[in-house]
Amino acid sequence: HVQLVESGGDLVQPGGSLRLSCKYHNSRNCMGWFRQVPGKEREGVATIGLYGVTTFADFVKGGFTISRDSATRTLLLQMDDLSSDDTAMYYCAADLVTGGDWQSIAHWRYWGQGTQVTVF
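Report follows, based on the coordinates. As the structure is a prediction and not an experimental result, all values here were calculated from the model.

**Things to note about the state of the cysteines**
Enumeration over the complete set of coordinates arrives at 1 disulfide. Note on cysteine connectivity: Cys22 is disulfide-linked to Cys92, with sulfurs 2.2 Å apart. Where Cys22 bonds to Cys92 through sulfur, the torsion about that S-S bond is close to -75 degrees, and the disulfide is left-handed. Of this pair, Cys22 sits in strand S3 (residues 18-25) while Cys92 sits in strand S9 (residues 88-96); the two residues are 70 residues apart in sequence, bridging distant segments of the chain. With respect to burial, Cys22 and Cys92 carry one shared label: buried. Cys30 forms no disulfide, and the closest cysteine sulfur to it belongs to Cys92, at a distance of 11 Å. Judged by relative accessible area, Cys30 falls into the buried class, the value being 12%.

**Things to note about the sheet that holds S3**
Sheets are built from strands that pair by backbone hydrogen bonding, the pairs being arranged parallel or antiparallel. Reading across the sheet, the 4 strands line up as S1-S3-S8-S7 and stay open at both edges, with antiparallel pairing between neighbours. With one partner strand each, in any of the chains shown, strand S1 (3-7) and strand S7 (64-69) form the two edges of the open sheet. Each strand axis lies, on average, 15 degrees off the axis of its neighbour in the sheet, ignoring direction. Here 6 bridges tie S3 to strand S8 (residues 74-79), and the two strands are oriented antiparallel to one another. Paired with Arg19 across the two strands is Gln78, which belongs to S8.

**Brief notes about the nonpolar core**
Counting residues in each nonpolar core, the largest one holds 32 residues, and the members touching the most others are Met31, Trp33, Leu77, Met79 and Tyr90. The greatest single-element share of this core, amounting to 6 residues, is contributed by S9.

**Description of the pattern of salt bridges**
Opposite charge on two side chains permits them to pair, given that their charged atoms come into close proximity. Using the criterion set out here, one finds 2 salt bridges in the structure. Two residues, Glu43 and Arg35, come together in a salt bridge whose shortest N-O distance is 2.9 Å. The class of Glu43 is partly exposed, set by a relative accessible area of 32%. A salt bridge links Arg35 to Asp86; the shortest N-O distance between them is 2.9 Å. Pair noted here: Arg35 is in strand S4 (residues 31-36) and Asp86 is in the loop between S8 and S9, with a separation of 51 residues, a long-range link.

**Overview of the pairing of strand S5 (residues 43-48)**
Most of S5 is tucked away, with 5 of its 6 residues classed as buried. Bridge count between S4 and S5: 5 bridges; the pairing is antiparallel. The residue bridging Trp33 from the neighbouring strand is Ala46, located in S5. Between S4 and S5, which pair antiparallel in sequence order, lie 6 residues; one of them, Gly39, sits at a positive phi of approximately 85 degrees. Sheet topology note: the S5/strand S6 (residues 54-56) ladder contains 3 bridges and is antiparallel. The partner of Ile48 across the bridge, within S6, is Thr54. What sits between S5 and S6 in their antiparallel hairpin is a turn of 5 residues, with Gly52 showing a positive phi close to 90 degrees.

Criteria and thresholds
- One numbering rule holds for all chains: residues counted from 1, following each sequence as written.
- In keeping with the predicted nature of the model, local features appear solely for residues at pLDDT of at least 70, side-chain atom pairs appear and are counted solely at 80 or more, and the whole-chain, interface and lining totals rest on all residues.
- No hydrogens and no water enter the side-chain calculation; it runs on all heavy atoms of the structure.
- For this text, the term disulfide refers to a pair of cysteine sulfurs within 2.5 Å.
- Secondary structure is summarised from DSSP: a helix means a run of H or I of at least four residues, a strand means a run of E of at least two, and numbering begins at the N terminus for each.
- Burial classification: accessible surface area is computed with a 1.4 Å probe over protein chains only, and a residue below 20% of its type maximum counts as buried, one above 50% as exposed, and the rest as partly exposed.
- Two strands form a pair only when DSSP identifies at least two bridges running between them.
- Axis geometry follows a simple rule: fit a line to the C-alpha atoms, using only the stretch in contact for helices, then measure angles between N-to-C directions, giving values from 0 to 180 degrees.
- Take the buried Ala, Val, Leu, Ile, Met, Phe, Trp, Tyr and Cys residues and link them wherever side-chain atoms come within 4.5 Å; each set so joined is a nonpolar core.
- The rule for a salt bridge is simple: a side-chain nitrogen of Lys or Arg has to be within 4 Å of a carboxyl oxygen of Asp or Glu.

Listed below in structure tokens is the structure:
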């Protein structure tokens, strides 16, 4: 069983930065970040594979970086130049099923509880 605990969400002004963290236990597989606003589907933001290969959603304009610190078992999402469009609850996900589509929420086995990011 994989446990995921996110933190780092906050209130920030447009153009500001935030770094989200996700502490994980027992995950040695692909991990990712998703986000969701009320009334909309949860959407993939970025993913990182076991060997560090990263993929980003098309809407990410280069201001986001995903990384993974295996020593501290922490998944990170550095977000720079934030805009109001980035306001959402951000979720950490772990263990993408083999051959799965990383942007499909049904293909991830484990989820964190979420951390709120508000840009205004």
